[in-house]
Amino acid sequence: MMGKVSKKSKVFYILYIAVLFVFFYLPIVVTMIYSFNDSKSLTNWTGFSFRWYGQLIQDGSIMKAVLVSVTIAIFATIISTVLGTLTAIGLSKCRRFVRETVLNINNIPIMNPDIVTAIGLMLLFSSVAMPRGYFTMLLAHIAFCTPFVITSVYPKVRSLDPAIADAALDLGATPFEALTKVIIPMLKDGIYAGVLLAFTMSFDDFVISYFVTGNGVSNISITVYNMTKRTNPTINALSTIVILVIAITLVISRLIPAMLKNTMRKILIAGLFILIGVSIFAGVRGGGRTLRVYNAGEYIDPKLLEDFEKTADCKVVYETFDSNESMYTKIKSGAEYDILIPSDYMIERLTKEDLLQQVNWSKITNKDDLNPSLLNNAFDPKGEYAVPYFAGSVGILYDKTIVDAEDVKTGWELLRNTKYKGNIYMYDSERDSFMVALKALGYSMNTDNRQEVEEAYQWLMKQRDTMDIVYAGDDVIDNMISGNKAIAVVYSGDAAYIMQENENMEYIEPGQGTNIWVDAMVITKSCNDLDLAHAFMDYMLDYDVAYKNSSYVGYTSPVMKVAAQLKLDEYAEIGAYSPNFEGEKNEVFRYQEPAIKELYADLWTKVKAY
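Trainee: Teacher, can you tell me more about the overall build of the protein chain here?
Mentor: Check the secondary structure of the protein chain and you find 26 helices and 10 strands. Principal axes of the C-alpha set define a box for the protein chain whose edges measure 90 × 70 × 50 Å. Across the 610 residues of the protein chain, 47% fall into the buried class. When the 55 basic and 67 acidic side-chain charges of the protein chain are each reduced to a single mean position, those positions are 10 Å apart.

Trainee: Sorry if this is basic, but what is going on with unusual backbone geometry here?
Mentor: Where the residue is not glycine, phi is negative for most of them; where a peptide bond is considered, it is trans in most cases. At Asn-376, a position not held by glycine, the phi torsion is positive, near 55°. Relative to the elements of secondary structure, Asn-376 occurs in the loop between β4 (356–357) and β5 (387–399). Here Asp-468, not a glycine, exhibits a phi torsion of approximately 50°, which is positive. Relative to the helices and strands, Asp-468 resides in the loop between α20 (450–467) and β7 (470–472). Classification of Asp-468 as partly exposed rests on a relative accessible area of 48%.

Trainee: Just to check I follow, could you spell out helix α23 (residues 530–540) for this structure?
Mentor: Given 3.6 residues per helical turn, the α-helix brings residues three or four places apart onto the same face. Burial runs high along α23: eight of the 11 residues are buried. Taken together, the buried positions of α23 are occupied by Leu-532, Ala-533, His-534, Phe-536, Met-537, Asp-538, Tyr-539 and Met-540.

Trainee: Any chance you could explain the packing of helix α19 (residues 430–440) against helix α26 (residues 594–608) here in plain terms?
Mentor: Where α19 meets α26, the axes come as close as 10 Å, and the angle between the chain directions of the two elements is 90°. The angle between α19 and α26 places the two elements in the roughly perpendicular class. Touching Glu-430, Ser-433, Phe-434 and Leu-438 of α19 are Lys-597, Tyr-600, Ala-601, Leu-603 and Trp-604, all from α26.

Trainee: Please clarify how the packing of aromatic side chains should be interpreted in this entry.
Mentor: Each pair of aromatic rings is reported with the distance of its centres and the angle of its planes. Tallied over the entire structure, the rule returns 26 aromatic pairs. On the basis of an interplanar angle of 80° and a centroid distance of 5.0 Å, the ring pair of Phe-434 and Tyr-600 is categorised as edge-to-face. Here Phe-434, found in helix α19, pairs with Tyr-600, found in helix α26; they are 166 residues apart in sequence, far enough to count as distant. The pair formed by Phe-434 and Tyr-600 is uniform in burial state, with each residue classed as buried.

Trainee: How should the pairing of strand β10 (residues 516–524) be read in this particular structure?
Mentor: Successive side chains on a regular strand alternate, one facing one side of the sheet and the next facing the other. Taken across its nine residues, β10 has nine buried, putting it largely inside the fold. In β10, alternate side chains face the same way, and those of Ile-516, Val-518, Ala-520, Val-522 and Thr-524 on one face and Trp-517, Asp-519, Met-521 and Ile-523 on the other are all buried. Bridge analysis of β4 against β10 gives two bridges, and the strand direction is antiparallel. Along β10, the bridge assignment pairs Leu-356 with Thr-524. Here β5 runs beside β10; their pairing, made up of six bridges, is antiparallel. When the bridges of β10 are listed, Pro-388 appears paired with Ala-520.

Trainee: What's the story with the pairing of strand β6 (residues 424–427) in this structure? I'm lost.
Mentor: By the alternation rule, side chains of β6 split into Ile-424 and Met-426 and Tyr-425 and Tyr-427, which are all buried. Sheet analysis places β6 next to strand β8 (residues 487–491), joined by two bridges and oriented parallel. Residue pairing in the sheet places Tyr-425 in a bridge with Ala-488 of β8. With three bridges joining them, β6 and β7 adopt parallel strand pairing. When the bridges of β7 are listed, Tyr-425 appears paired with Val-470.

Trainee: Just checking my understanding: could you explain the side chain of Asn-219 for this structure?
Mentor: In this structure, Asn-219 sits in the loop between α10 (207–212) and α11 (220–227). Within the structure, the side chain of Asn-219 is placed 3.4 Å from the backbone oxygen of Asp-205, a separation counted as a polar contact. Among residues more than four places away in sequence, those in contact with Asn-219 are Ala-65, Val-68, Ser-69, Met-137, Asp-205 and Ser-209.

Trainee: Would you mind going over the environment of Asp-161 with me for this structure?
Mentor: Position of Asp-161 relative to the elements: it lies in the loop between α6 (134–158) and α7 (163–170). Residue classification places Asp-161 among the partly exposed positions, given a relative accessible area of 46%. Along the chain, Asp-161 and Glu-298 lie 137 residues apart, while their C-alpha atoms are 57 Å from each other.

Trainee: Before we go on, may I ask you to explain the environment of Ser-482 in this structure?
Mentor: Residue placement: Ser-482 occurs in the loop between α21 (476–481) and β8. A sequence separation of 20 residues divides Ser-482 from Asn-502, and the C-alpha atoms of the two residues are 7.7 Å apart.

Trainee: When you look at the pattern of salt bridges in this model, what are you seeing that I'm missing?
Mentor: A pair can form between side chains of opposite charge whenever their charged atoms are brought close. The tally for this structure, following the rule as stated, stands at 16 salt bridges. The salt bridge involving Asp-428 is made with Lys-608; its shortest N-O contact spans 2.8 Å. Taken as a pair, Asp-428 in the loop between β6 and α19 and Lys-608 in helix α26 lie far apart in primary sequence, 180 residues in all. What emerges from the salt-bridge pattern is a single network uniting Arg-292, Glu-336 and Asp-338.

Trainee: Honestly, a nonpolar patch on the surface in this entry has me stumped. Any pointers?
Mentor: Taken together, the side chains of Val-22, Leu-26, Val-29, Val-30, Ile-33, Trp-45, Phe-48 and Phe-50 present a nonpolar region at the surface, about 760 Å² in accessible area. With respect to the element layout, Ile-33 can be found in helix α1 (residues 7–34).

Trainee: I tried to follow helix α16 (residues 324–332) on my own but got confused; where do I start?
Mentor: Taken together, the buried positions of α16 are occupied by Asn-324, Ser-326, Met-327, Tyr-328, Lys-330 and Ile-331. Tucked into the core, α16 has its buried residues touching α10, β1 (289–296), β2 (314–321), β3 (339–340) and α17 (344–352). In the stretch just after α16, Gly-334 is the one whose phi turns positive, near 115°.

Trainee: Would you mind showing me how to read the nonpolar core here?
Mentor: General note: in soluble globular proteins, nonpolar side chains tend to be found buried as a group. The biggest cluster of nonpolar side chains holds 159 residues, and the ones touching the most others in it are Leu-415, Ile-487 and Met-521. At 11 residues, α6 tops the list of elements feeding residues into this core. One finds Leu-56, Ile-62, Ile-235 and Ala-237 within the second-largest nonpolar core, a separate group that totals nine residues.

Trainee: Help me out: how do you make sense of the side chain of Lys-330 in this one?
Mentor: Tracing the backbone shows Lys-330 in helix α16. For Lys-330, a relative accessible area of 7% puts it in the buried group.

How each quantity is defined
Residues numbered from 1 in each chain as written. Predicted model: local features only at pLDDT ≥ 70, side-chain atom pairs only at ≥ 80, totals over all residues. Heavy atoms only, no water. Helix = DSSP H or I, 4+ residues; strand = E, 2+ residues; numbered from the N terminus. Buried < 20%, exposed > 50% of the residue type's maximum accessible area, 1.4 Å probe, protein only. Lys, Arg positive; Asp, Glu negative; His and termini not counted. Charge placed at Lys NZ, Arg CZ, Asp CG, Glu CD. Axes fitted to C-alpha atoms, helices over the stretch in contact; angles between N-to-C directions. Parallel < 35°, antiparallel > 145°, perpendicular 65-115°, else oblique. Contact = heavy atoms within 4.5 Å. Phe/Tyr/Trp six-rings, centres within 6.5 Å; stacked < 30°, edge-to-face > 60°. Pairing = 2+ DSSP bridges. Polar contact = N/O pair within 3.5 Å; in protein donor to acceptor, adjacent residues only side chain to side chain. Salt bridge = Lys/Arg side-chain N within 4 Å of Asp/Glu carboxyl O. Patch = residues over 30% accessible without salt bridge, like charges linked within 9 Å, V, L, I, M, F, W, Y side chains within 5 Å. Areas by Shrake-Rupley, 256 points an atom, 1.4 Å probe, with all protein chains shown as cover. Core = buried A, V, L, I, M, F, W, Y, C linked by side-chain atoms within 4.5 Å.

Written out as structure tokens, the structure is:
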């Protein structure tokens, strides 16, 4: 017999539980609090406001994503539960060899990394020429949810007395009645567990959904992921609503069980049919013209897409990618789009591989308004394939109240000044980091000279070992707004955004030269409507449209009058908005041959390996 638990042990146990609850729920509480923050910053509180909830409601893409997530989760849960339950029951009647073989196969997708499953399903759908969209996402979710249902239900099946079904048949029940009125009710605990697991897995999935979707279909996970590419407080508002809905559902399920058994059950069934109807009609596409656009996340004012649809009387299927490389992978896997908006070096690669077609400049009426410096660049020397979309530079953002002005004049060497040890963010990017080192050494950032690349590697290694560097991604935006560090390597558009929020920040392009990048609109070989594609590109270069887009995103417009006007208005006194496109030592990234790219990748892995 166990002795009494001491008072000290009880206190320790209570503290332990309290710490666990704080660890698990404090981030949720912080998210909910900052959903009412008036600032664009995700961490710097400036005042109470419902601003982001209003923006959330007005953002049609988020509302569509919620509908997709909910309906996909419901359909996948229902279908996978039926399939999983029937399979579990069937396995109990199979021979041992068959049963164990199937169960081992069932464990493969459970143990398999999501990325492997995602790539496999993507290749499967491409190989059978199945258009990716809502249906392929649903099939994928059914595929990865069903094994979890089988795993939940099968142990309950094994615990049943094998004679129960025979007894039901002997008493006059039909096989179907024996299944539905005897066996399944006895399995309800395992089935409920499978239902909850399947719904949670489906509603929460990102990796698999990201690779198997298409035709402008995005669930909440994909939408939120794209929103994180830029600081977007709407994420907090969306997360808060999802948390509240889940909490309310749990409370209702606990406090009103009778309602769930009777009236609420009818309401839920009616709601399910309404969702089915809405999702079916939402997926019906008209017979009009359609333009398929593939762009980086958070890289356009969504209202402009709606305006273009009205102007051109068409439907825009708009999808987003997180990097040029993931975009390239999807294109090579068979995905088809009309317009892509990649970066300079990727445009060169797509051109070399004959994946693009030439632009008919006679249909681009706004061509004369473009900055000449952004045309006929090294990645498109004859200006045949690329219509500039945004442009900018990579530079150093610094806190002028902390960093000495004389130190700033040293350019990239500022990043190795030991006065600022532990106070620097480097951009977590292989090419950008090597660009910094190569330019600091006086070399071309596109060099394929192995000795120069090795010197750049040593520069980065010395910086890493002496400066206590933090390698950051897009989170550098909010960190610099909050003033967490004094120096950061950033893109000019991000710098402009940060400087609007934190007046202590300043931006420079080092005199040793830097990366001047150009993102451009290109037309794919699979484009179905060339006239509509050209109309879209021309539309994005219209003065009013370009002004709204650049103001929304924060990067420099290729339309000269727009760039000049924004420099006087919204981005007055913000030097990051006006990169030096004609700087003598500035360059654009060029396509790297596989051998040299592998060298850079290997060395970058060593830099990060600490």
